[in-house]
Amino acid sequence: MPDNPRWKRRPAGSTWGDWGPDDQLGRLNLLTPDKVLKGVAEVKEGRTFCLSMPLDYPGGTVVNPRRHPPQLTPTERNGMPNMVYPLGRDDPRLVDVICDDQVLLTLQYSTQWDSLAHVGQLFDADGDGAPEIVFYNGYRAGEHIAGPVEYRDGKIIERAGGHLGATALSIDNMAAKGMQGRGVMIDLEAHFGRGEKYVGYDELMRVMEADKVEVEEGDLVCLRTGYDRVILGMNKNPDPRC
């Protein structure tokens, strides 16, 4: 295992360092050209479909009070809304009409845009007996992933420079490499319905055996639960009891 400048110890069972000290993809490295070819070999009809929910679903803030629907607003031109804006207002010779808007988007509101910067953990990566906030491959809170404040030693410390975001482990790493491969669906809804149900390992294996589902290393596994149909059926007015 190569030396890593950010950690001396890695969590048990983790893949830290397996793909080099600067890796930001984790097990997405298993999506090799061979896995892409296996995915292509599964194509029978050439139809395409999208697994994402509309950006303005589930609606409201019942599902999560911290996450809000997208806010769509126009940009401004000369202090006026720059949406269906006739340029003839500025120059009578111009006949073009401009539409230019912007979106304030909560990335976890609808289908979630999760990267390896989404969840970290307190872990003693330095091996000095004092845990620190680290993410995959030892990337650090306050250095690589940082908000406007740091939560350190029970204190809240304002960060100079304000909000930083993720300069490592952000989702653009996934977009740059692409996520094509062999997709495998495990249909939990067909076996257990849409009611609340905790599915353990043994039950999962029974479902896969019954449906003759085989999962190989590097496969993209989709668990079908029916939750998307429930959310869409509520028409942006989710029931807090569900």
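First things first, this report covers the structure right here in the doc. (Residues numbered from 1 in each chain as written. Predicted model: local features only at pLDDT ≥ 70, side-chain atom pairs only at ≥ 80, totals over all residues. Heavy atoms only, no water.)

1. Thoughts on the nonpolar core
Membership of the largest hydrophobic core is limited to 12 residues, which are W7, W16, A117, F123, A125, V134, F135, Y136, Y139, I145, A168 and L169. For I145, the contacting residues outside a window of four places in its chain are A117, F135, Y139, R140, G165, A166, A168 and L169. Residues V184, L188, V207 and V213 belong to the second largest nonpolar core, which totals six residues. (Core = buried A, V, L, I, M, F, W, Y, C linked by side-chain atoms within 4.5 Å. Buried < 20%, exposed > 50% of the residue type's maximum accessible area, 1.4 Å probe, protein only. Contact = heavy atoms within 4.5 Å.)

2. Thoughts on helix α4 (residues 201-210)
If you check which residues of α4 are buried, you get E203, V207 and M208. For α4, the buried positions fall inside an angular range of 140 degrees around the axis, keeping them on one side. The outward face of α4, more than 90 degrees from its buried face, is lined by the exposed residues Y201, D202, R206 and E209. In the core, the buried residues of α4 are packed alongside β13 (183-187) and α3 (188-192). Taken from the residues just after α4, K212 is the one with a positive phi, measuring 55 degrees. (Helix = DSSP H or I, 4+ residues; strand = E, 2+ residues; numbered from the N terminus. Arc of directions from axis to C-beta.)

3. Describing the side chain of N4
Mapped onto the elements, N4 comes out in the segment before α1 (33-41). On the basis of relative accessibility, which here comes to 10%, the residue N4 falls in the buried class. Side-chain polar atoms of N4 contact the backbone nitrogen of R6, separated by 2.8 Å. One polar contact links N4 to W7, side chain to side chain, over a distance of 3.4 Å. (Polar contact = N/O pair within 3.5 Å; in protein donor to acceptor, adjacent residues only side chain to side chain.)

4. Comments concerning the side chain of E132
Considering the arrangement of structural elements, one finds E132 in strand β8 (residues 132-134). For the buried E132, no salt bridge exists, and the shortest N-O distance to an oppositely charged side chain is 4.6 Å, to R140. Separated by 2.7 Å, the side chain of E132 and the backbone nitrogen of A125 make a polar contact. Within the structure, E132 has its side chain in polar contact with the backbone nitrogen of D126 (distance 3.2 Å). Look past the residues within four positions of E132 in its chain and what remains in contact with it is Q121, L122, F123, D124, A125, D126 and R140. (Lys, Arg positive; Asp, Glu negative; His and termini not counted. Salt bridge = Lys/Arg side-chain N within 4 Å of Asp/Glu carboxyl O.)

5. Here's the deal with empty space enclosed by the protein
Inspection of every chain in the model, using the stated rule, returns one cavity of 30 Å³ or more. The computed volume of the largest cavity comes to approximately 40 Å³. Along its surface, the largest cavity is lined by L55, L105, T106, L107, Y109, S110, T111 and W113. (1 Å grid on protein atoms, 1.4 Å probe; cavity = no way out; pocket = protein on both sides within 12 Å on 5 of 7 lines; lining within 4 Å. Points joined across faces, edges and corners; volume = space filled by probe spheres on them.)

6. Re the environment of D172
Structurally, D172 is set in helix α2 (residues 172-177). For D172, a relative accessible area of 46% corresponds to the partly exposed category. Residues D172 and L232 lie 60 residues apart in sequence; the distance between their C-alpha atoms is 28 Å.

7. Observations regarding the pairing of strand β11 (residues 155-158)
Consecutive side chains along a regular strand alternate between the two faces of the sheet. Inspection of the sheet shows strand β10 (residues 149-152) paired to β11 by four bridges, in the antiparallel sense. Bridge pairing in β11 links V149 to E158. The hairpin turn running from β10 into β11, its antiparallel successor, is two residues long, and D153 in that turn takes a positive phi close to 55 degrees. (Pairing = 2+ DSSP bridges.)

8. Looking at the layout of surface pockets
In this structure, the second largest pocket occupies an estimated 900 Å³ of space. As for the second largest pocket, its lining consists of 28 residues, and the residues nearest its centre are F135, A141, I145, A146 and G147. Sorting the residues of the lining of the second largest pocket by element identifies β8, β9 (145-146), β10 and β12 (165-166) as the ones contributing at least two each. Counting residues per element, the lining of the second largest pocket draws most heavily on β10, at four residues. The residue inventory of the lining of the second largest pocket, partitioned by class, reads 15 nonpolar, eight polar and five charged. (Nonpolar A, V, L, I, M, F, W, Y, C, P; charged D, E, K, R; others polar.)

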